[in-house]
Amino acid sequence: MAAVLETLETVKSVDVDAYKYGFVTDIESDKAPKGLNEDIVRFISAKKNEPAWLTEWRLDAYRRWLTMTEPKWARVDYPKIDYQDLYYYSAPKTHAGPKSLDEVDPELLKTYEKLGIPLREREILAGVQGAKVAVDAVFDSVSVATTFREELSKAGVVFCPISEAVHSHPELVQKYLGSVVPVTDNYFATLNSAVFSDGSFVYIPPGVRCPMELSTYFRINEQNTGQFERTLIIADKGSYVSYLEGCTAPKRDENQLHAAVVELIALEDAEIKYSTVQNWYPGDSQGRGGIYNFVTKRGDCRGDRSKISWTQVETGSAITWKYPSCILRGDHSRGEFYSIAISNGRQQVDSGTKMLHLGRNTTSRIISKGISAGRSSNTYRGQVFAHRKADGARNFTNCDSLLIGNACGAHTVPYIESRNSGAVFEHEATTSKISEDQLFYCMQRGLSAEEATALIVNGFVRDVLQQLPMEFAVEAQKLIAVSLEGSVG
Amino acid sequence: MLEIRNLHAEIDGKKILNGLTLTVKDGEVAAIMGPNGSGKSTLSYVVAGRSDYTVTAGEVFLNGENILELPPHERAARGLFLAFQYPVEIPGVTTHVFLRTALNAQRKARGEAELKTAEFMKLMRAAADKLSVTQEMLRRPLNVGFSGGEKKRLEILQMTLLAPKFGILDETDSGLDIDALRVVSDGVNDLRAPDRGFLVITHYQRLLDHIKPDTVHIMAQGRIIKTGGPELALELEKNGYRDFVADAA
């Protein structure tokens, strides 16, 4: 815990004063003023030098957002968010597009290092062997380093900030942006469409197997900055990509809003594997501070025999509202959702998935492991739907909940709707507690109560951990131990 | 050496141990026999530090140190091992991962270097072969779906790897057929050493045919009511507990 605290404290002290440039109308400045109106939307668009169609797209989203209300159906409770009291754009001072790590502000690199997420290219440059990972690091709103660009471009893979893709691959962005999560999809997605700052863009050409794992680390640093990432991944016919998203945020006293949108498109025979490890600041034990995470993630298996797989390890955030989903449009397409959601302290998690079976012989699999400790609340909310034309649709759902202590809650809310009599949907759910017998047995063998809890929890989530890329799995395992600290005894 | 002095313990307000006193020297194998409900398993739990028991009086010394204030894992790191009557299942945790985690946790607590994977695998394989524990078993989740015999062999395998200063075997013979009993007993006998003591809790003489005790104690109503040599166990086998318990009452 000491190390974690130190990290949080260190990060807190870094960069906070870096953004002292006020703004009124000066387009060169780094931060938009508080609040949201059409001028702010235009400002963001102008900062990024966007084409007119995108500015209009944003404005359209903003106008629609004004007519919408926040969804209330999730099992989460939080004070009303004042959307006029947030900053909608902030960029690090040195965002002049570094071409290599050398050009990256050493302070930024140091911050990443303190967070324990080194830009892995350094390891490789230093001769360290292992899996290659390309990193697109997002520091607040602007990508500060994009690595491995060249090697990827040899394979024809495009991996760049979405703000750049708007200029370099406008036809792809215009064709696919908003095609999975429409502008009007939901309150938070619509807000994101109006003010999205940056995020990653990936395009894998037909038949290409992406030569390395692609990775993005998001980090929220600036105080009172809502973060609105926008990620768009397109896997063209017969291609494959594995994408890793990691998130960390330093400690803050005020709640921070995060409303990201991730859209995945898999064409015929393509496969996308999307893995997330999210360990944002969850707030203190009294429920003060922490990130509000309202995320819309959706994949469209647009082509026949395509496959999209979501794997998530959620340990952070004060509020989590997140349902990575799959639209199984192509015949024989497949959707997967593997989730570990851990809540401790006063965290509130309402998370799950949607599997929408539209095509014939589509299959989906949901494995959800919820772990609640402290006074937290952990809800699995999942929808499985079969269209009347979805002959041969099959789903298997397994939701397991593990409770630690007596003050937490676990809930499972499945929505199952089949309009095709031939669809086969299976649902299994269990709720269990870590028993005194298990704890004592492990402790008699030499493990402390916390080590024993972490080991038992790791066993509980093993099916899902195995879905993560190797190095991510190791990280996730450590994270689980850290996030459960103080949950026993 | 394990030294228990005037130990009183209760659970949920119910007194189970009533002033139990017992000393087991280094190199000694002591057997405890007694009727159901005499507090034998409670004794093993209290010595190992299970938190739902409350010690109301007395002391327990392991090699001269009073361990009653220590949490269970620190007692383990000081060399106390309990082979459970009912080993606990831990789903999803591979047996060999558990073994390595436990061994390294103890080594770390004692300030020793953690074992590297290769070193550990070598140790584990050697111990497993002796106890007819297959590699396949070691890859399964801990105790999940294991037969009674497999669970008990695994307990002894753990004791072998952890090499404790003092081992308590709680009805290790229960649920074992003759062949498994022999394998388990051989495993225990291999561990007998001049600097290691054992407390063997059992209902039956048959275990003591294989693990020959130096001393035999009869326990009833939460304390030791008679102490003797191996012949005491034979006498019990013939006449039952009734005479002893009646004498003590």
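Everything discussed here concerns the structure shown above.
In this convention, every chain numbers its residues from 1, walking through the sequence in written order. Following the order in which they are written, the chains are lettered starting with A and the ligands numbered starting with 1. Side-chain atom pairs in this predicted model are given and counted only at pLDDT of 80 or more, local residue features only at pLDDT of at least 70, and totals for whole chains, interfaces and linings cover all residues. Where side-chain values are given, they derive from all heavy atoms of the structure, hydrogens and water being excluded.

Undergrad: What is the right way to read the overall build of chain A from this model?
TA: The numbering of helices and of strands both runs from the N terminus, where a helix is a DSSP run of H or I of at least 4 residues and a strand a run of E of at least 2. When helices and strands are counted, chain A shows 13 helices and 21 strands. Here a residue-residue contact requires only that any non-hydrogen atoms of the pair lie within 4.5 Å. At a minimum sequence separation of 6, the contacts of chain A that also span at least 24 residues come to 83%. Just so you have it, chain A exposes about 18,400 Å², and 49% of that area is on carbon and sulfur atoms. Throughout, the Shrake-Rupley method with a 1.4 Å probe supplies accessible areas, and for residues the shown protein chains are the sole cover considered.

Undergrad: Quick question: what am I supposed to make of the overall build of chain B here?
TA: Looking only at helices and strands, one finds ten helices and twelve strands in chain B. Between the two quantities, the radius of gyration covers C-alpha atoms and the globule rule is 2.2 Å times the number of residues to the power 0.38. In terms of overall dimensions, chain B is globule-like: its C-alpha atoms have a radius of gyration of 18 Å, near the 18 Å expected for 249 residues. Expressed along its principal axes, the backbone C-alpha trace of chain B runs to roughly 55 × 40 × 35 Å. Counting across all 249 residues of chain B, residues that qualify as buried make up 53%. Long-range pairs, those at least 24 residues apart, make up 68% of the contacts in chain B with a sequence separation of at least 6. Carbon and sulfur atoms make up 49% of the accessible area of chain B, which amounts to about 10,700 Å² in all. Three labels apply to residues, based on accessible area from a 1.4 Å probe with only protein chains included: buried if under 20% of the type maximum, exposed if over 50%, partly exposed otherwise in between.

Undergrad: What is the right way to look at the interface of chain B and chain A in this model?
TA: When the parts come together, some accessible area is lost, and that loss is often what is quoted as the size of the interface. The interface of chain B with chain A comprises 30 residues on the first partner and 18 residues on the second. Carbon and sulfur atoms supply 65% of the area that chain B and chain A bury against each other, a total of about 2,100 Å² over both sides. Salt bridges, as used here, are contacts in which a Lys or Arg side-chain nitrogen is within 4 Å of a carboxyl oxygen on Asp or Glu. Connecting chain B to chain A are two salt bridges. Asp437(A) is the partner of Arg50(B) in a salt bridge, and the nearest nitrogen-oxygen pair spans 2.7 Å. A 3.5 Å cut-off defines polar contacts: any pair of N or O atoms within that distance qualifies, except that in protein one atom must be a possible hydrogen donor and the other a possible acceptor, and neighbouring residues in sequence count only when both atoms are side-chain atoms. Between chain B and chain A we count eleven residue pairs in polar contact (both at pLDDT 80 or more) in total. For the side of chain B that touches chain A, the secondary structure elements donating two or more residues are helix H1 (40–48), helix H2 (72–77), strand S6 (80–83), strand S7 (90–94), helix H3 (95–109) and helix H6 (148–162) of chain B. Here the side of chain B that touches chain A is composed, by residue class, of 18 nonpolar, nine polar and three charged. Buried area is a sum: the accessible area each of two parts loses on coming together, probed at 1.4 Å, counted once for each and added. Think of it as three bins: nonpolar holds Ala, Val, Leu, Ile, Met, Phe, Trp, Tyr, Cys and Pro, charged holds Asp, Glu, Lys and Arg, and polar takes everything else, Gly as well.

Undergrad: Would you mind showing me how to read the nonpolar core here?
TA: Think of a nonpolar core as a cluster: buried Ala, Val, Leu, Ile, Met, Phe, Trp, Tyr and Cys residues, connected wherever their side-chain atoms sit within 4.5 Å. Counting 111 residues, the largest nonpolar core has Ile371(A), Leu43(B), Phe98(B) and Leu157(B) as the members making the most contacts within it. Discounting residues that sit within four places of it in the chain, Phe98(B) has contacts with Tyr441(A), Cys442(A), Arg445(A), Leu447(A), Leu455(A), Ile90(B), Val93(B), Leu142(B) and Gln158(B).

Undergrad: Is there a simple way to think about the packing of aromatic side chains in this case?
TA: Between two aromatic rings, the relevant description is the distance of the centres plus the angle of the planes. Residue and element names in this part refer to chain A. Between 30 and 60 degrees the pair is tilted, below 30 it is stacked and above 60 it is edge-to-face, where a pair is any two Phe, Tyr or Trp rings, Trp via its six-membered ring, whose centres lie within 6.5 Å. The final tally for this structure, using the stated rule, is 25 aromatic pairs over all chains. On the basis of an interplanar angle of 70 degrees and a centroid distance of 5.2 Å, the ring pair of Phe-188 and Trp-321 is categorised as edge-to-face. With Phe-188 in helix H9 (residues 187–195) and Trp-321 in strand S13 (residues 319–322), this residue pair connects regions lying 133 residues apart in the sequence. Taken as a pair, Phe-188 and Trp-321 share a single burial class, namely buried.

Undergrad: What's the story with the packing of H6(B) against helix H7 (residues 178–191) of chain B in this structure? I'm lost.
TA: Helix packing for two helices is described by the angle between their axes and how far apart those axes are. Residue and element names in this part refer to chain B. Relative orientation of the contacting elements H6 and H7 amounts to 10 degrees, with a least axis distance of 9 Å. Viewed along their axes, H6 and H7 adopt a mutual orientation that is roughly parallel. Crossing of H6 over H7 shows left-handed handedness. Contacts from Lys-152, Arg-153, Ile-156, Met-159 and Thr-160 in H6 reach Val-183, Val-184, Gly-187, Val-188 and Leu-191 in H7. For every element, the axis is a line fit to its C-alpha atoms; helices are fit only across the contacting stretch, and the angle between N-to-C directions ranges from 0 to 180 degrees. Under this scheme an angle from 65 to 115 degrees is roughly perpendicular, one under 35 degrees roughly parallel, and one over 145 degrees roughly antiparallel; angles in between are oblique. Crossings are classed by handedness, with left-handed meaning an anticlockwise turn of the near helix from the far one by less than a right angle and right-handed meaning a clockwise turn.

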